[in-house]
Amino acid sequence: KAGVTQTPRYLIKTRGQQVTLSCSPISGHRSVSWYQQTPGQGLQFLFEYFSETQRNKGNFPGRFSGRQFSNSRSEMNVSTLELGDSALYLCASSAGTSLQYEQFFGPGTRLTVL
Amino acid sequence: DAKTTQPPSMDCAEGRAANLPCNHSTISGNEYVYWYRQIHSQGPQYIIHGLKNNETNEMASLIITEDRKSSTLILPHATLRDTAVYYCIVRVAGGKLIFGQGTELSVKP
């Protein structure tokens, strides 16, 4: 089975712009979660989607949003980019939402905001 | 906030077993213990998870104490490629993973 794929792998934007990141989960997985990793804050949970519905949301401003499509692929959007949004954005997929289902991570998208 | 406490760093000799401890004294009865590792700038890699019984797979063994307040991840024969940051995570209701600072394991020749 192919793993979780994320596109693009690297992205450079300027302050005030917006960006959309894409995640394709492992085939058959219906749950997709997003995480942000920065040197200062570590890995932080952004949100989780299951069957096109947001089930859980972390403590991030409304500039961060996401959605999931009927084929389970997910996108996250960050509007009005700030320098502090520079981070590695990770997507993880899971077969379901039960605590016993492992989350498998993709390679991440490295976003740099100038 | 993370519900786990791990030592910030550990060393291990190549070929020896690496035993990584984790404290999770506030774990609830239905919360799972998960272990991931992350090699610099890559996505975290799933290793193993358990509820209350000891678990073993091709990568590692997970030993959970009877009171479930602590656990140990065991890499039986560490190699240089096992050098990474290892995260012990208590997965709470709602399903999200709350990462702490992890243990930076250095495997030395």
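Placed above this text is the structure.
Residues numbered from 1 in each chain as written. Chains lettered and ligands numbered in written order. Predicted model: local features only at pLDDT ≥ 70, side-chain atom pairs only at ≥ 80, totals over all residues. Heavy atoms only, no water.

Engineer: Looking at this structure, I do not really get unusual backbone geometry. What am I missing?
Structural biologist: Note: most peptide bonds trans; most residues except glycine with negative phi. Residues and elements named next belong to chain A. Residue Thr7 is joined to Pro8 through a cis peptide bond whose omega torsion reads -10 degrees. Residue position: Pro8 is located in the loop between strand S1 (5–7) and strand S2 (10–13). With phi around 50 degrees, Ser51 is a residue other than glycine that occupies positive phi space. By secondary structure assignment, the location of Ser51 is in the loop between strand S5 (42–50) and strand S6 (53–57). In this model, Ser72 sits at a positive phi of 80 degrees, which is unusual for a non-glycine residue. Checked against the element boundaries, Ser72 lands in the loop between strand S7 (64–68) and strand S8 (74–78). (Helix = DSSP H or I, 4+ residues; strand = E, 2+ residues; numbered from the N terminus.)

Engineer: Explanation requested: the pairing of strand S6 (residues 61–64) of chain B in the structure shown.
Structural biologist: When a strand is regular, its side chains alternate between the sheet's two faces. Residues and elements named next belong to chain B. Here 2 bridges tie strand S5 (residues 55–56) to S6, and the two strands are oriented antiparallel to one another. Across the sheet, Glu55 pairs through a bridge with Leu62, a residue of S6. Linking S5 to S6, which pair antiparallel, is a turn of 4 residues. Alignment of S6 against strand S7 (residues 70–75), held across 4 bridges, turns out to be antiparallel. Counterpart to Ile64 in the pairing with S7 is Ser71. In this structure, the hairpin formed by S6 and S7 is closed by a connection of 5 residues, where Arg68 is found at a positive phi of approximately 65 degrees. (Pairing = 2+ DSSP bridges.)

Engineer: What exactly am I supposed to notice about the environment of Leu81 of chain A here?
Structural biologist: All names here are of chain A. Note on placement: Leu81 falls in the loop between S8 and strand S9 (87–94). Classification of Leu81 by relative accessible area gives buried; the value is 2%. Once the C-alpha coordinates of Leu81 and Thr14 are considered, the two residues, 67 residues apart in sequence, prove to be 7.1 Å apart. Residues contacting Leu81, with those up to four places away along its chain left out, are Lys13, Thr14, Arg15, Gly16, Gln17, Gln18, Val19, Arg63, Leu111 and Val113. (Buried < 20%, exposed > 50% of the residue type's maximum accessible area, 1.4 Å probe, protein only. Contact = heavy atoms within 4.5 Å.)

Engineer: In this structure, what is going on with the packing of aromatic side chains? I would like to understand it.
Structural biologist: Evaluation of the coordinates by the stated rule reveals 14 aromatic pairs over all chains. Geometrically, the ring pair formed by Tyr32 of chain B and Tyr34 of chain B is tilted, given 6.5 Å between the ring centres and 55 degrees between the ring planes. Note on Tyr32 of chain B: relative accessible area 15%, which makes it buried. With relative accessibility at 0%, the residue Tyr34 of chain B sits in the buried group. Ring pairing ties together the aromatic residues Tyr35, Phe45, Phe104 and Phe105 of chain A together with Tyr32, Tyr34, Tyr36, Tyr46, Tyr87 and Phe99 of chain B, which thus form one cluster. (Phe/Tyr/Trp six-rings, centres within 6.5 Å; stacked < 30°, edge-to-face > 60°.)

Engineer: Whenever I open this one, the environment of Gly29 of chain B confuses me. Can you help?
Structural biologist: Residues and elements named next belong to chain B. Checked against the element boundaries, Gly29 lands in the loop between strand S2 (18–23) and strand S3 (32–38). We classify Gly29 as exposed; its relative accessible area is 62%. Residues Gly29 and Arg68, 39 residues apart in the sequence, show an inter-C-alpha distance of 8.6 Å. Among residues more than four places away in sequence, those in contact with Gly29 are Leu51 and Arg68.

Engineer: Help me out: how do you make sense of the sheet that holds strand S9 (residues 103–108) of chain B in this one?
Structural biologist: Think of a sheet as strands paired side by side through backbone hydrogen bonds, with each pair either parallel or antiparallel. Residue and element names in this part refer to chain B. With mixed pairing, 5 strands are arranged side by side in an open sheet as S1-S9-S8-S3-S4. Among the strands making up the open sheet, the edge pair consists of strand S1 (9–13) and strand S4 (45–50). Strand-to-strand twist across the sheet, computed as the mean angle between neighbouring axes with direction ignored, equals 25 degrees. As paired elements, strand S8 (residues 84–91) and S9 share 3 bridges and run antiparallel to each other. Across the sheet, the residue bridging to Tyr86 is Thr103, located in S9. (Axes fitted to C-alpha atoms, helices over the stretch in contact; angles between N-to-C directions.)

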